[in-house]
There are 2 protein chains.
Amino acid sequence: MIRLGISGYGNLGRGVEAAVMHNPDIELKVIFTRRDPETIKPITKGVKVDRVENASEYKDDIDVLILCGGSATDLPRQTPEFATMFNVVDSFDTHANIPQHFDEVNKKAEENGKVALISCGWDPGMFSIARVYADSVLPGGETYTFWGKGVSQGHSDAIRRVEGVLDARQYTVPVQAALDAVRSGSNPVLTTRQKHTRECYVVAAEGADKARIEKEIKEMPNYFADYDTTVNFISQEELDAKHKGIPHGGFVIRSGKTGAENEFDNVIEYSLKLDSNPAFTSSVLVSYARAVARLHKEGRKGCVTVLDIPPAYLSAKSGAELRKSML
Amino acid sequence: MIRLGISGYGNLGRGVEAAVMHNPDIELKVIFTRRDPETIKPITKGVKVDRVENASEYKDDIDVLILCGGSATDLPRQTPEFATMFNVVDSFDTHANIPQHFDEVNKKAEENGKVALISCGWDPGMFSIARVYADSVLPGGETYTFWGKGVSQGHSDAIRRVEGVLDARQYTVPVQAALDAVRSGSNPVLTTRQKHTRECYVVAAEGADKARIEKEIKEMPNYFADYDTTVNFISQEELDAKHKGIPHGGFVIRSGKTGAENEFDNVIEYSLKLDSNPAFTSSVLVSYARAVARLHKEGRKGCVTVLDIPPAYLSAKSGAELRKSML
């Protein structure tokens, strides 16, 4: 049995707890929280809940700790710190800062003989894997990543900060014509606007100037200005009824040529369609916790990413079983 | 530079030669053949061609040898034999015999300090990887593999053995309704007949009994009896004009549940659309030759499969480059 800990009991932490139930070789032992432990009621029987400050007391009780904090402020601090005591898995997803995060975590993990896997989930994560495989096995080509249809928390939050907005949900939607062009093998050059649209569902305060809100959203730099954005004003009741889920997904598509004269077209496509983004991310984290436990057993130390892990390490099945039934 | 050898210069061997052109860090040094070397005219400048019996003379000249023989009789003999002298990659694809082939190759490779990667390509190969990842990150679900639309050489050959048939091409076609059912997340139970149909294009000898030929094809056990099969009689000219290519591809789809109460549906899909089956297979083999060269450098020995290789090992890019640009 692999003994697991969770740090942080939000959407992701609860998702990890649920994912453990699908993995009979993994056992949840403890949840660390910044809240009052008394307020946390895990679903799993017999799981301890303790303050995150007491984590060091559990050094010998768990094989892998999954860090379920946010990438903005939690993980840059937590992952290096916890990698001094535990084998860890995090879902750090600020793409531009991955190299720096890697170096900081690697130093601590190496010094302390631990394995730390960072930037796990689906993007970065399964999509990164799809990109590297496709790029490697079909070097003569182009790779495209599309996201959605799905909820972007960051964009939803940005809308909520507009004056007069009570609540909001933003969907990122891939443009069908762009998907079709990529799948045709034409290797199109696509602008940001051509790849995705943004659909916003907004609850405005009574008497708020909706025209001004719509304009502010559509012109918001980085978030919306480069996209075709639609803004739909709806009631809080409708938002709660129809837009409470956190679905997501997307497509990694590579098209490329083979043959001595580039005479053959090929398209590789990997896609995800997820009812719940955090529930799937958690499920990925748990399978990588298994891989991390194995690497640690083999004497490996330092920081790794999903690109460094053989597929077989994720599976509860043995090598011989996999060769027989899945190869 | 990784120095590569090819054994066997058929469709696959020529495909490997072409694939090397897309990989600037890999250099083709020698082609081994059972034919008269004088009859082989490689496209690549400066490549030696020699009899396969002389292969041992090249032990120190190449880092990896890609074996491009057939799975029926060539590879079961060749892979263990060559693994005594070279790091090797093969595309052994008789699924049921993989465990035995693995053991035989492993013994020889271990004894001689070589790395041997077997059963590489797209199925077994990229599809196996897709199955293992999907099964591991989404344990609560079912995985389905569909092949096609594409040419099955084995089925085409089987038709050619029917009396009165001069030439034939067989396409395996996934059933759209089955694909739709799987993508819907309903985890349907599908019979062989429900998953694929078989389309045959047949050139009959003049005066041959077409009704008898069609009946014999449709009732052929293992090959056609379990499928809805259509037989189209066409001229040799039409076959040559429209059915000379060797396209293939397919889909690995997993649908499964996440959430503490299995309340969320998820669909993972990996698909390939290939103008030329051997050209793509070759391209995969070459990227795994890079991985094998690296494993050998690290001191690894014995038999491995694609399931044992981290994605990053396939790429010409460094770990830091991959983390920066592709993670």
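All values derive from a computational prediction rather than experimental measurement.

Chemist: How should the overall build of chain A be read in this particular structure?
Modeler: Secondary structure summary: chain A contains 11 helices and 14 strands in total. Projected onto its principal axes, the C-alpha coordinates of chain A cover approximately 65 × 60 × 35 Å. Relative to its 327 residues, chain A shows a buried fraction of 57%. Of the contacts made within chain A by residues no fewer than 6 positions apart, 68% connect residues no fewer than 24 positions apart. Summed over all atoms, the accessible surface of chain A reaches about 13,600 Å², with 47% contributed by carbon and sulfur. Averaged over its 40 positive side-chain charges, chain A has a centre that lies 4 Å from the centre of its 45 negative ones.

Chemist: Any chance you could explain unusual backbone geometry here in plain terms?
Modeler: Glycine aside, residues mostly have negative phi angles, and peptide bonds mostly take the trans form. Residues and elements named next belong to chain A. Look at the link from Gly148 to Lys149: it is a cis peptide, with omega at -5°. For Lys149, the location among the structural elements is in the loop between strand S7 (141–147) and strand S8 (150–151). Phi at Asn187 is positive, roughly 45°, even though this residue is not glycine. The topology assignment puts Asn187 in the loop between helix H6 (176–183) and helix H7 (192–195).

Chemist: Can you help me understand the pattern of salt bridges in this one?
Modeler: Pairing is possible between side chains that carry opposite charge, provided their charged atoms lie close to one another. Tallied over the full model, the rule gives 40 salt bridges over all chains. A salt bridge links Lys242(A) to Glu238(A), with the nearest nitrogen and oxygen atoms 3.3 Å apart. A residue pair is termed a helical-turn pair when its members lie 3 or 4 positions apart in one helix, as Lys242(A) and Glu238(A) do in helix H9 (residues 236–242) at 4 residues. Given the relative accessible area of 58%, Lys242(A) is considered exposed. Taking the shortest distance from any N to any O, the salt bridge between Arg34(B) and Asp74(B) comes out at 3.1 Å.

Chemist: Looking at this structure, how should I read the relation of the copies chain B and chain A?
Modeler: Both copies of the chain are related by a screw-like operation: a rotation about an axis and a shift along it. Laying chain B over chain A is done by rotating through 180° and shifting 0.0 Å along the axis; what remains is an RMSD of 0.0 Å. Read as a symmetry element, the transformation amounts to a two-fold axis. Both copies share a contact surface, since 100% of the interface residues of chain B are interface residues in chain A too.

Chemist: Sorry, what's going on with the sheet that holds S8(A) here?
Modeler: Remark on secondary structure: sheet strands pair via backbone hydrogen bonds, oriented parallel or antiparallel. Residue and element names in this part refer to chain A. What the 4 strands build is an open sheet, ordered S8-S9-S10-S11; its pairing is mixed. Two strands bound the open sheet, and with one partner strand each, they are S8 and strand S11 (228–233). Here 9 bridges tie strand S9 (residues 165–174) to strand S10 (residues 196–204), and the two strands are oriented antiparallel to one another. Across the sheet, the residue bridging to Gln170 is Cys200, located in S10. The strands touched by helix H8 (residues 210–218) within the sheet are S9, S10 and S11, with S11 carrying the most contacts at an inclination of about 150°.

Chemist: I'm lost on the pairing of strand S2 (residues 26–33) of chain B in this one. Help?
Modeler: Along any regular strand the residues' side chains alternate between the sheet's two faces. Residue and element names in this part refer to chain B. Where burial is concerned, most of S2 is hidden: 6 out of the 8 residues are buried. As defined by bridge partners, strand S1 (residues 2–7) adjoins S2 across 6 bridges and the pair is classed as parallel. Looking at the pairing, Gly5 lines up with Val30 of S2. Sheet topology places S2 next to strand S3 (residues 48–51); 4 bridges connect them, and they run parallel.

Chemist: Just checking my understanding: could you explain the packing of aromatic side chains for this structure?
Modeler: By convention here, two paired aromatic rings are described through the distance between centres and the angle between planes. Scanning the entire structure with this criterion turns up 13 aromatic pairs over all chains. Ring plane angle 45° and centroid distance 6.4 Å describe the contact between Phe32(A) and Phe86(A), whose orientation is recorded as tilted. Of this pair, Phe32(A) sits in strand S2 (residues 26–33) while Phe86(A) sits in the loop between helix H2 (74–82) and strand S5 (87–90); the two residues are 54 residues apart in sequence, bridging distant segments of the chain. According to the relative accessible area criterion, Phe86(A) is buried, its value standing at 1%. Ring geometry for Trp122(B) against Phe127(B): centres 5.3 Å apart, planes inclined by 80°, an arrangement best described as edge-to-face. Owing to a relative accessible area of 6%, Trp122(B) belongs among the buried residues under this scheme. Every member of this aromatic cluster is reached through a ring pair, and the members are Phe32(A), Tyr58(A), Phe82(A) and Phe86(A). Its guanidinium or amino end placed over the ring of Tyr171(A), Lys149(A) lies 4.9 Å from that ring's centre, counting from NZ or CZ. It is Arg198(A) that lies over the ring of Tyr227(A); its NZ or CZ is 4.1 Å from the centre.

Cut-off values and rules
- One numbering rule holds for all chains: residues counted from 1, following each sequence as written.
- Lettering of chains starts at A and numbering of ligands starts at 1, both following the order in which they are written.
- The predicted origin of the model limits local features to residues at a pLDDT of at least 70 and limits the giving and counting of side-chain atom pairs to 80 or more, whereas totals for whole chains, interfaces and linings rest on all residues.
- With hydrogens and water set aside, each side-chain value is computed from the structure's full complement of heavy atoms.
- Strands are runs of DSSP state E lasting at least two residues, helices are runs of H or I lasting at least four, and both sets are numbered from the N terminus onward.
- Throughout, exposure labels follow a simple rule: accessible area from a 1.4 Å probe, protein chains only, divided by the maximum for the residue type, with under 20% read as buried, over 50% as exposed, and the rest as partly exposed.
- In this analysis, two residues are considered to be in contact whenever any of their non-hydrogen atoms come within 4.5 Å of each other.
- Calculation of accessible area relied on Shrake-Rupley with a 1.4 Å probe; when residues are assessed, cover is drawn exclusively from the protein chains displayed.
- In summary, the charge assignment counts Lys and Arg as positive and Asp and Glu as negative, without counting His or the chain termini.
- By convention, charge coordinates are those of NZ in Lys, CZ in Arg, CG in Asp, or CD in Glu.
- Definition used for salt bridges: Asp or Glu carboxyl oxygen within 4 Å of a side-chain nitrogen of Lys or Arg.
- The atoms used to superpose the copies are C-alpha atoms, taken from residues with pLDDT of at least 70 in both, and the fit is least squares.
- The pairing criterion for strands is at least two bridges between them, as found by DSSP.
- The axes are straight lines fitted to the C-alpha atoms, using for helices just the contacting stretch, and the angles between their N-to-C directions are given from 0 to 180°.
- Note on ring pairs: Phe, Tyr and Trp rings are taken, using the six-membered ring of Trp, and paired if centres are within 6.5 Å. Classes follow the plane angle, with under 30 degrees stacked, over 60 edge-to-face and the rest tilted.
- In our convention, an over-ring charge means Lys NZ or Arg CZ found within 6 Å of a ring centre and within 35 degrees of that ring's normal.

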